[in-house]
Amino acid sequence: MIWQKKYFLIHWIVDICGKLARTLKKETSMEYMGIELLPEFIRERYEVREWKHACAILKEDFSDEWSDILSVLTDFKLNKSWITNPGGRKSKVSEFIDNYLYERGWTEKEFKTQVVVDQNKMDTPTHKVDCFRNRVALEIEWNNKDPFYDRDLNNFRLLFDLRVISVGVIITRCDDLQDIFNELGRGTSYGASTTHMSKLLPRIEGGGGGGCPLLVFGITKLLYADDE
């Protein structure tokens, strides 16, 4: 009797472990299913993360915006001169992406919102979205202070809850670019407390974007071009 009980216990444990492994495999494949919708060129040159099926929503429901995003990411190069000669108020990275999308009908957008309490109206304006078109909001965070991520995610969460946007997109930089900044003598200008993937991902995983589907692209070394 004892050996029979041990046999059934072992069989039960093996069965449970098998089901758990299949579940984890299914969840992992679902996590990357959306990213597979992106062209290989982009998947190889950007660190890509998505939440709540953002890729599928963009591709199926916002095909024009999806096409614009793929186009700007494909044409983008991180020129050496943009790092060694950063320019003025707006970075060359942001300037390139903004202008590229503005030419295709995207706009910088600030939404005017109000809270009404017992007929008392209080204005609660949102922060401007860098690029907006047809319920898709896109932010570029190249070298701001990392709390800007909190602002962006909170903005996406609020606008999604108000049914104004359907997807939020962030284009930022990967950690590995720090090696290039250091080699060019610009490392101190891109400090640890500025916007890069290691600062963004924990905020998203912690629920910073609420229920808003999110798609994040991190610019990697593979996009670096010596134009000098």
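Residues numbered from 1 in each chain as written. Predicted model: local features only at pLDDT ≥ 70, side-chain atom pairs only at ≥ 80, totals over all residues. Heavy atoms only, no water.

Draft legend 1. Focus on the packing of aromatic side chains. On inspection of all chains with the given rule, the structure shows nine aromatic pairs. Aromatic side chains F76 and F96 sit 5.8 Å apart centroid to centroid with 65° between the ring planes, which places their arrangement in the edge-to-face category. In this pair, F76 is assigned in the loop between α4 (63-75) and β2 (78-79) and F96 in helix α6 (residues 92-102), connecting sequence segments 20 residues apart. Its relative accessible area of 3% is what places F76 among the buried residues. Residue class for F96 comes out partly exposed when judged on its relative accessible area of 25%. Taking 5.8 Å as the distance between ring centres and 45° as the angle between the ring planes, the aromatic pair formed by F96 and Y100 counts as tilted. Placement of the pair is F96 and Y100 together in helix α6, with a separation of four residues, close to one helical turn. (Phe/Tyr/Trp six-rings, centres within 6.5 Å; stacked < 30°, edge-to-face > 60°. Helix = DSSP H or I, 4+ residues; strand = E, 2+ residues; numbered from the N terminus. Buried < 20%, exposed > 50% of the residue type's maximum accessible area, 1.4 Å probe, protein only.)

Draft legend 2. Geometry of the nonpolar core. Among the nonpolar cores identified, the biggest contains 39 residues, and L138, F217 and I219 are the most heavily contacted of them. Of all the elements, α4 adds the most residues to this core, at five residues. Membership of the second largest hydrophobic core comes to 19 residues, among which are W51, V129, I170 and V216. (Core = buried A, V, L, I, M, F, W, Y, C linked by side-chain atoms within 4.5 Å.)

Draft legend 3. The sheet that holds strand β9 (residues 214-219), seen in detail. Pairing within the open sheet is mixed, and its six strands lie in the order β1-β9-β8-β7-β6-β3. Each of the sheet's edge strands pairs with one partner strand only, and the pair in question is β1 (46-51) and β3 (107-109). Ignoring which end each strand starts from, the neighbouring axes of this sheet average 25° apart. Pairing geometry for β3 and strand β6 (residues 129-133), over two bridges, is antiparallel. Directly across from T107, in β6, lies its bridge partner F132. Packing of helix α9 (residues 197-205) onto the sheet brings it into contact with β1, β8 (167-173) and β9, and relative to β1 it is tilted by some 10°. (Pairing = 2+ DSSP bridges. Axes fitted to C-alpha atoms, helices over the stretch in contact; angles between N-to-C directions. Contact = heavy atoms within 4.5 Å.)

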